[in-house]
Amino acid sequence: MSRLPLSLLPETATVQQDGSLAIGGCDVAELAAEFGTPLFIYDEAHLRARCREAVATFGLGNAVYATKAFLCTAMARLAYDEGMLLDVASGGELFVARRAGVPAGSLVMHGNNKSLDELRMAIVEGVRHIVVDSFDELDRLDALHAEGLPRPNVVARITPGLHVHTHEFIATGQDDSKFGFNLGNGSAMKAIDRMRRSPSMVLRGVHCHIGSNVFEAANFAKAAELMAGFAIPLDLPELVLGGGLGVAYVEGEEASTITQWGNVLLDACAALGVTSTVSVEPGRSIVASAAITVYTVGTMKELPGIRTYISVDGGMSDNPRPVLYGSGYEAFLPREVVAERPMSARLVGKHCESGDVLVLDAALPADVKVGDLLATPVTGAYGHSMASNYNKLTRPPVLFVRDGAARVVVRRETYEDLVQCDVE
Ligand SMILES: *Cc1c(COP(=O)(O)O)cnc(C)c1O
C-alpha cells in the first residue's frame, strides 16, 4: 500500500495542485507530450548541486566526476563548469569530454586495458594523469616514450584486497579482480618500484576504487586505512580513493550524502596521518537521483493466480541494470505522485525476451491503465550510459530541465541512425 518516497525524486521535483509531477518547474506530462516516451528527464539544479557538494567537500581539483555513470556533451560541460575534473575510461569517453571543451588537464584516464592508441591519445592531449592498471600498460607507456612522446603523470591503481558488500559485478577491490596491482601479493610494490625508476613517466600517487553502490561508510574507512598504510611510506603527492558511494533506489534504502562520505574519508585519512592530497571519483552519487525515466503503459495482462504484467515502451535497452544486477526500482504515475500503490505487477519492457524486466514486483496505484505515463525514479546513473539498440529500438532523448525550461541535450535516435554504420 506504500506511497512513493518523495526523497527518491530529483531535488526540484514538486507535486502540483492536481497531484501531478513537475521537475525543474516543468510539467512532466507536458514534457512527455512534447518529446515522447521513453524519456530521460534530468533536474539540472540537482546535478549542479551534487557537483558543488563534491567540490566543497573535497576541494577544487580533488573531486573527479566518473563520466561512465552518464556522459554527453552537456553533462561533461556541466561537471566541468561546476569545478569537477572528469574521469574517462576509454578513447571514446576522452573524445566526448574533449569535444565538449573540457581541457585535457581536467581529465584523468582510466581503464584496465587501454590500447596503445588510447594511451597515445591521452598523452598527446595532455591529460592530468593516467591511472595505470597493469604491467602490460607500463610496457606500452615505455613504447610510447620511445616514440618520442612526453612523459605522462601516472597514478598506480592498487587492489587493496577488500571485499565490500555490493553486487559481485561491481565489487572491484577484492584480491580476485581484473583491476589494478594487487597489494597482498607484492605486485603493487613491484609496480611502484618500476614506475619510480621509469624514465617514461612521472609517478604522482596511488589509487584505489573498492566498488560501486557501496552503502557502509566503514568500507570506505577500511579502504582508506589499507591505502594509507601503503601510501604514506611512499611519500607521493596524491592519494585517490575512487568512487563507489551508494544511492537509495527503493523505499527503505538509506545512503550517506556526499558530504557525509567525504567526512568519513577525510577524517580517516587525517587520523592515519595522510599528508598527500586526497581526491575521489564519484559517478553514481552525482547523477543517479537527478533523473527519472518516463514511459507509456502499452499493455496490461492479468494472469489469474499468477501475476499481472505491465509492459512499457522501453525496457532493458534504456535500463539494463535490473537484468545485469537484479537491481530494484520504484514505479509511479506522474499524474498522481503520492497515490497509494496497492497493486502489485511485474513491470516489463518491449524486448523479445522474458528477462526484459524493469521492476520484478512494482507497487502501483490500482487505477493504472493503458496509455498512462509511468515513471521510474533514480535512473540518472548507468541507464542512458549503458543503453543499447537491442531489437533496434531507438535510444531515448535526454532532457535537462531547469527554471521552467527544458532543453534537449541528447535527441531521440531516428530509424536512420540505426543504419548509419551499415555498409551496403
Ligand atoms: C566506476 C568508477 C568510479 C565511479 O563509481 P560510482 O560507483 O559511480 O561512484 C570511480 N572510479 C573508478 C575507477 C571507477 O571504475
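Residues numbered from 1 in each chain as written. Predicted model: local features only at pLDDT ≥ 70, side-chain atom pairs only at ≥ 80, totals over all residues. Heavy atoms only, no water.

A. Region of interest: the overall build of the protein. Scanning the protein from terminus to terminus reveals 12 helices and 20 strands. Taken over C-alpha atoms, the radius of gyration comes to 22 Å for the protein, in line with the 22 Å a tight globule of 424 residues would show. The C-alpha extent of the protein, read off along each of the three principal axes, is 70 × 55 × 45 Å. Every one of the 424 residues in the protein was classed for burial, and the buried ones make up 55%. (Helix = DSSP H or I, 4+ residues; strand = E, 2+ residues; numbered from the N terminus. Rg over C-alpha atoms; globule rule 2.2 N^0.38 Å. Buried < 20%, exposed > 50% of the residue type's maximum accessible area, 1.4 Å probe, protein only.)

B. A look at the site of the ligand. Close contacts around the ligand come from 16 residues, with Lys68, Ser212, Glu281, Arg284 and Tyr382 the closest. Arg284 places a main-chain nitrogen or oxygen 2.7 Å from an oxygen atom of the ligand. At a separation of 2.6 Å, an oxygen atom of the ligand approaches a polar side-chain atom of Tyr382. When the free accessible area of the ligand is taken as 380 Å², the share hidden by the protein chains comes to 93%. Judged by the fraction of its atoms near the pocket grid, the ligand is located in the largest pocket. Across the shell around the ligand, the residue classes break down as 3 nonpolar, 8 polar and 5 charged. (Near = heavy atom within 4 Å. Polar contact = N/O pair within 3.5 Å; in protein donor to acceptor, adjacent residues only side chain to side chain. Areas by Shrake-Rupley, 256 points an atom, 1.4 Å probe, with all protein chains shown as cover. 1 Å grid on protein atoms, 1.4 Å probe; cavity = no way out; pocket = protein on both sides within 12 Å on 5 of 7 lines; lining within 4 Å. Sits in = over half its atoms within 2 Å of the grid points. Nonpolar A, V, L, I, M, F, W, Y, C, P; charged D, E, K, R; others polar.)

C. Broad picture of the sheet that holds strand 1 (residues 14-15). Across the sheet, 3 strands lie side by side as 1-2-3; this open sheet has antiparallel pairing. The sheet is open, and its two edges are formed by strand 1 and strand 3 (26-27), each paired on a single side. Pairing geometry for strand 2 (residues 21-23) and strand 3, over 2 bridges, is antiparallel. Residue Ala22 lies in a different strand from strand 3, and its bridge partner there is Asp27. (Pairing = 2+ DSSP bridges.)

D. Local environment of the side chain of Asp356. Structurally, Asp356 can be placed in the loop between strand 16 (343-348) and strand 17 (357-364). Lys350 provides the closest opposite charge to the buried, unpaired Asp356, separated from it by 9.3 Å. Among the polar contacts listed, one links the side chain of Asp356 to the backbone nitrogen of Met316, at a separation of 2.8 Å. (Lys, Arg positive; Asp, Glu negative; His and termini not counted. Salt bridge = Lys/Arg side-chain N within 4 Å of Asp/Glu carboxyl O.)

E. Molecular detail of the packing of helix 2 (residues 44-58) against helix 3 (residues 73-81). Put simply, helix 2 and helix 3 touch, their axes get as near as 9 Å, and they point 45° apart. If you check the angle between helix 2 and helix 3, you find them oblique. Of the two possible hands of crossing, helix 2 and helix 3 adopt the one that is right-handed. Contacts from Glu44, Leu47, Arg48 and Cys51 in helix 2 reach Met75, Leu78, Ala79 and Asp81 in helix 3. Of the residues in the contact of helix 2 with helix 3, the class split is 5 nonpolar, no polar and 3 charged. (Axes fitted to C-alpha atoms, helices over the stretch in contact; angles between N-to-C directions. Parallel < 35°, antiparallel > 145°, perpendicular 65-115°, else oblique. Left-handed = near helix turned anticlockwise from the far one by under 90°. Contact = heavy atoms within 4.5 Å.)

F. Focus on the domain arrangement of the protein. Under the domain assignment, the protein is made up of domain 1 (6-43 + 288-419) and domain 2 (44-286). With centres defined by C-alpha atoms, the gap from domain 1 to domain 2 works out at 31 Å. Contact residues are listed per partner, giving 29 residues for domain 1 and 26 residues for domain 2. For the pair domain 1 and domain 2, the two sides together bury roughly 2,400 Å², of which 59% comes from carbon and sulfur. Together, Tyr325, Tyr382 and Phe400 form the three largest contributors to the area buried by domain 1 at its contact with domain 2, with a combined 24%. Across the contact surface, domain 1 and domain 2 share 3 salt bridges. Notably, a salt bridge pairs Glu11 with Arg50, separated by 2.7 Å at the nearest N-O pair. For the pair domain 1 and domain 2, the number of links is 15 residue pairs in polar contact (both at pLDDT 80 or more). (Domains from an automatic or database assignment. Buried area = accessible area lost by both parts, 1.4 Å probe.)

G. Molecular detail of the pattern of salt bridges. Inspection of the entire model under this criterion finds 25 salt bridges. The shortest N-O distance in the salt bridge between Arg48 and Glu82 comes to 2.8 Å. Residue Arg48 is located in helix 2, and its partner Glu82 is located in the loop between helix 3 and strand 6 (85-88); the two are separated by 34 residues in the primary sequence. Neither residue differs from the other here; Arg48 and Glu82 are each classed as buried. Between Arg335 and Asp372 there is a salt bridge, with the nearest N and O atoms lying 2.7 Å from each other. With Arg335 in the loop between helix 11 (321-325) and strand 16 and Asp372 in the loop between strand 17 and strand 18 (373-377), the pair connects residues that are 37 residues apart, well separated along the chain.

H. Broad picture of a nonpolar patch on the surface. Judged by side-chain polarity, Leu6, Val15 and Val338 come together as a nonpolar surface patch covering roughly 210 Å² of accessible area. Assignment of secondary structure puts Val338 in the loop between helix 11 and strand 16. The exposure class assigned to Val338 is partly exposed, which follows from its relative accessible area of 34%. (Patch = residues over 30% accessible without salt bridge, like charges linked within 9 Å, V, L, I, M, F, W, Y side chains within 5 Å.)

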